[in-house]
Amino acid sequence: MAVTDDAIDKIKQMIQSGELGPGDRLPPEQELAERLGLSRSSMREAVKALETMRILDVRRGDGTYVTSLKPSLLIEAMSFILDYHSDSAVMEVFEARRLLEPRIAVLAAERATVEQIEAMAAHLRTIDEDADTESLVTHDVEFHRMLAAATCNDYLAGLIEAIGSQTWRARVWRGLTQAGAVARTLDEHELILTSIRDGNTEVAQAAMMLHVAGAERWIHSELREH
């Protein structure tokens, strides 16, 4: 395994150094293996691993290429891994959200454009307290995606999109079982958006912290009871 890890590191170094860039085709397998002092088998395993990470794109009959390396593409691998989380591990996802999303709210308050704020406001108007649980959760996921996009940081946006889907079932369950979940969620979204519109980073951070922490506390209590 160490030999394969060495092969992965050497290919990654070629990309990091600029020798290979997004969209570039790698040299033929034999040529690259000889240049890097690796066996063809370790080179083949390294390429497979980097393909799984969305760093390389193997096109049968054509060759192996460096992908676009866009954040959303690279984060797909993390999203795939998160799909195997157990129910109890959802708590870890909420913990990650609690650490990330208040900072995202701060950056959105600093960077969101008028158009992005108007789009978020329009999104909030598409749902009311009579909405069913699935509609609420769809709305919630999209609202958090729009907030992350407003940071102008593609990596943050990709991370939130990847981990947000992992709490889908928990959000649905909360909406079905917790009294006032719909109204509370909408009120919290409104407060977050108002603070972002006002450019008030402190309120944006606090409002987001309360929003995520409330769901986290509920999930924790549910898992403890069951």
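Residues numbered from 1 in each chain as written. Predicted model: local features only at pLDDT ≥ 70, side-chain atom pairs only at ≥ 80, totals over all residues. Heavy atoms only, no water.

A. Broad picture of unusual backbone geometry. Positive phi, normally seen in glycine, also occurs at C152, with a value near 60°. Mapping C152 onto the fold places it in the loop between α8 (133–149) and α9 (154–164). What makes C152 exposed here is its relative accessible area of 56%. (Helix = DSSP H or I, 4+ residues; strand = E, 2+ residues; numbered from the N terminus. Buried < 20%, exposed > 50% of the residue type's maximum accessible area, 1.4 Å probe, protein only.)

B. Highlighting the environment of D140. Within the secondary structure, D140 sits in helix α8. Classification of D140 by relative accessible area gives buried; the value is 9%.

C. Spatial organisation of the nonpolar core. By size, the foremost hydrophobic cluster in this structure holds 29 residues, and its most contacted members are M120, F143, L147, I192, L193 and I196. Elements represented by at least two residues in this core include exactly α6 (90–111), α7 (114–124), α8, α9, α11 (181–197) and α12 (201–225). Broken down by element, this core gets its largest block of residues, seven residues, from α6. Not counting residues up to four positions away in its chain, the partners in contact with F143 are M120, H123, L124, H189, I192 and L193. Formed by 19 residues, the second largest nonpolar core is a distinct cluster that contains A7, I15, L26 and L38. (Core = buried A, V, L, I, M, F, W, Y, C linked by side-chain atoms within 4.5 Å. Contact = heavy atoms within 4.5 Å.)

D. Focus on a negative patch on the surface. Residues D128, E129, D130, D187 and E190 make up a contiguous surface patch of negative charge. One can find D128 in the loop between α7 and α8. Using a relative accessible area of 43% as the deciding quantity, one classes D128 as partly exposed. (Patch = residues over 30% accessible without salt bridge, like charges linked within 9 Å, V, L, I, M, F, W, Y side chains within 5 Å. Areas by Shrake-Rupley, 256 points an atom, 1.4 Å probe, with all protein chains shown as cover. Salt bridge = Lys/Arg side-chain N within 4 Å of Asp/Glu carboxyl O. Lys, Arg positive; Asp, Glu negative; His and termini not counted. Charge placed at Lys NZ, Arg CZ, Asp CG, Glu CD.)

E. Expanded view of the packing of helix α2 (residues 29–36) against helix α3 (residues 40–52). Running from N to C, α2 and α3 cross one another at 105°; their axes reach a closest spacing of 9 Å. Classified by the angle their axes make, α2 and α3 are roughly perpendicular. Judged by residue contacts, E29, Q30, L32, A33 and L36 of α2 engage R40, M43 and R44 from α3. Grouping the amino acids of the contact of α2 with α3 by side-chain chemistry returns four nonpolar, one polar and three charged. (Axes fitted to C-alpha atoms, helices over the stretch in contact; angles between N-to-C directions. Parallel < 35°, antiparallel > 145°, perpendicular 65-115°, else oblique. Nonpolar A, V, L, I, M, F, W, Y, C, P; charged D, E, K, R; others polar.)

F. Structural view of the pattern of salt bridges. Taken as a whole, this structure holds 10 salt bridges when the rule is applied. For E19, the salt bridge goes to R35, with nearest N and O atoms at 2.6 Å. Taken together, the residues span a long stretch of sequence, with E19 in the loop between α1 (2–16) and α2 and R35 in helix α2 at a distance of 16 residues. Across the pair K48 and E45 runs a salt bridge, and its minimum N-O distance is 3.9 Å. Of this pair, K48 and E45 are both found in helix α3, three residues apart, which corresponds to roughly one turn of the helix.

Purely geometric numbers; function is a separate question.
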